[in-house]
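Chain by chain, the residues run as shown.
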Amino acid sequence: MTSPTSLDARTAGPLRHADSPHPHAFTRANVGWTPHLAPLAVEELTDRHYEGLVDGARAKNDYFRLLARDPEVLKARTLVDNDIFYNVAEGLPRADRELAATAASRRNGCVFCASVHSRFAAHHGKRPDDVDLLLDEGVGVDLGERWNAIVAASVALTETPTAFGAAEVDRLRAAGLDDLEIADVIHGAAFFNWANRLMLSIGRAVAPTD
């Protein structure tokens, strides 16, 4: 059976996933994701879509092929994402950026995003046990003051963005972060606060098979 065209996808209704098991817990294992709406088929992708994908390898991914239905927005989203997490010449180390994303995803209940960014946080931070504690017990765990401050700021932004303010910034600064590093915490958490909600709205996580 071939994938539906763009018009078919708009008229066919949501996809069903009765045979796709939900994850039973947060995990660093490779969680899958399945869309509620049909992504573009690979053979439908045009040069405009590939420009929106930024990285052509993302054409293999259902999530990005679904977002490619609006390639200009996808391109902007991807460039922001890449800059937040990969542009580490200044500001926060990669592990702390990934921790901010993990904390936002853990609080939002996005098992897929939490799995991806917790793996990066554990790898770059060399603290897999602490990352697993965050996943297993939630955002209130004690990870040491620097990581506690990053988690608390990320959670404040996630729960009620307008409630984030001087107290969270002061705590980050007291934990040793400078202004550029504080901005990186805010960017990472704010981006994933939005990205989680998008991913949770247009699809759902699938339990790891390994």
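Located above this text is the structure these notes cover.
Quick caveat, the model's predicted, so the values are computed rather than measured.

Novice: I keep staring at the side chain of S115 and nothing clicks. Help me out?
Specialist: For S115, the position within the fold is in helix 6 (residues 111-125). Those residues in contact with S115, other than ones at most four positions away along the chain, are T27, R28, A29 and V31.

Novice: What exactly am I supposed to notice about the packing of aromatic side chains here?
Specialist: Each aromatic ring pair is summarised here by two numbers: the centre-to-centre distance and the angle between the ring planes. Tallying each qualifying case throughout the model produces five aromatic pairs. Taking 5.2 Å as the distance between ring centres and 80° as the angle between the ring planes, the aromatic pair formed by W33 and Y63 counts as edge-to-face. Remark: Y63 occurs in helix 3 (residues 62-67) and W33 occurs in strand 1 (residues 32-35); sequence separation between them is 30 residues. A relative accessible area of 6% means that Y63 is categorised as buried.

Novice: Would you mind showing me how to read the nonpolar core here?
Specialist: Among soluble globular proteins, nonpolar side chains are generally buried collectively. With 30 residues, the main nonpolar core has W33, L53, Y63, F112, F192 and M199 as its most contacted residues. Elements with a minimum of two residues in this core: helix 3, helix 4 (71-86), helix 5 (94-108), helix 6 and helix 10 (179-202). Setting aside residues no more than four positions away along its own chain, F192 makes contact with D81, F85, A101, A104, S105, N108, C113 and H117. The next biggest cluster of nonpolar side chains, apart from the first, holds 25 residues, and it includes I150, A153, A156 and V185.

Novice: Sorry, what's going on with the pattern of salt bridges here?
Specialist: Oppositely charged side chains can pair when the atoms bearing their charge come close. Following the criterion strictly, the structure yields 13 salt bridges and no others. The partner of E51 in a salt bridge is K75, and the shortest N-O contact between them spans 3.1 Å. Taken as a pair, E51 in helix 2 (residues 47-53) and K75 in helix 4 lie far apart in primary sequence, 24 residues in all. Since its relative accessible area comes to 48%, E51 is described here as partly exposed. For K75, a relative accessible area of 31% translates into the label partly exposed. Two residues, R146 and D96, come together in a salt bridge whose shortest N-O distance is 2.9 Å. Highlighted residues: R146 in helix 8 (residues 145-159) and D96 in helix 5, separated in sequence by 50 residues. Here the residues in one salt-bridge network are D96, R146 and E181, joined through shared partners.

Novice: Help me understand the state of the cysteines in this model?
Specialist: Disulfides are covalent bonds that connect the sulfur atoms of two cysteines. Inspection of the entire model under this criterion finds zero disulfides. Among the cysteines around C110, which has no disulfide bond, C113 carries the closest sulfur, lying 3.4 Å off.

Novice: Whenever I open this one, the packing of helix 8 against helix 9 (residues 166-174) confuses me. Can you help?
Specialist: Any two packed helices are characterised by the angle at which their axes cross and by the distance between the axes. At their nearest, the axes of helix 8 and helix 9 sit 9 Å apart, and the two run at 160° to each other. Classified by the angle their axes make, helix 8 and helix 9 are roughly antiparallel. The two elements helix 8 and helix 9 cross, and the hand of that crossing is left-handed. Here E145, N148, A149, I150, A152, A153 and A156 of helix 8 lie close against helix 9, whose contacting residues are E168, R171 and L172.

Novice: Can you walk me through the side chain of R106 in this structure?
Specialist: Note on placement: R106 falls in helix 5. Notably, R106 is buried but unbridged: the nearest opposite-charge side chain belongs to D136, and the N-O separation is 7.1 Å. At 2.8 Å, the side chain of R106 forms a polar contact with the backbone oxygen of L135.

Novice: How should helix 8 be read in this particular structure?
Specialist: The first and last C-alpha atoms of helix 8 sit 20 Å apart over 15 residues, in line with the 21 Å expected at 1.5 Å per residue. Counted residue by residue, helix 8 has eleven buried out of 15 residues, so it is predominantly covered. For helix 8, the elements touching its buried residues are helix 5, helix 6, helix 7 (128-137), helix 9 and helix 10.

Cut-offs used in this document
- Per chain, residues are indexed from 1 in the order of the written sequence.
- The model is predicted, so local features are restricted to residues of pLDDT at least 70 and side-chain atom pairs to those at 80 or more, both for listing and for counting; the totals for chains, interfaces and linings are taken over all residues.
- Only hydrogens and water are removed before side-chain values are computed, so all heavy atoms of the structure are retained for them.
- Elements are defined by DSSP. Helices are runs of H or I of four residues or more, strands are runs of E of two residues or more, and each kind is numbered from the N terminus.
- Whether two residues touch is decided by their heavy atoms; if any such pair falls within 4.5 Å, the residues are in contact.
- In summary, the pairing rule links any two rings of Phe, Tyr or Trp, Trp by its six-membered ring, whose centres are within 6.5 Å, and it sorts them by plane angle into stacked for under 30 degrees, edge-to-face for over 60 and tilted for everything else.
- Classification of residues uses two cut-offs on accessible area relative to the type maximum, computed with a 1.4 Å probe and protein chains only: under 20% is buried, over 50% is exposed, and between them is partly exposed.
- Here the nonpolar core consists of buried residues drawn from Ala, Val, Leu, Ile, Met, Phe, Trp, Tyr and Cys, with membership extended through side-chain atoms lying within 4.5 Å.
- Salt bridges are identified by distance alone: a Lys or Arg side-chain nitrogen within 4 Å of an Asp or Glu carboxyl oxygen.
- Two cysteine sulfurs form a disulfide in these notes if their separation is within 2.5 Å.
- Helix axes are fitted to C-alpha atoms over the stretch in contact, other axes to C-alpha atoms as well, and angles between N-to-C directions run from 0 to 180 degrees.
- Any angle that is under 35 degrees is reported as roughly parallel, and any over 145 degrees as roughly antiparallel; angles of 65 to 115 degrees are reported as roughly perpendicular and all others as oblique.
- Helix crossings get a hand from a simple test, with the near helix turned counterclockwise from the far one by less than a right angle marking a left-handed crossing and a clockwise turn marking a right-handed one.
- Note that His is not counted, nor are the chain ends; the positive residues are Lys and Arg, and the negative ones are Asp and Glu.
- Pairing of N or O atoms within 3.5 Å defines a polar contact, subject to two protein rules: one partner must be a possible hydrogen donor and the other a possible acceptor, and residues neighboring in sequence count only if both atoms are side-chain atoms.
- For a helix, the expected span equals 1.5 Å multiplied by the residue count minus one.

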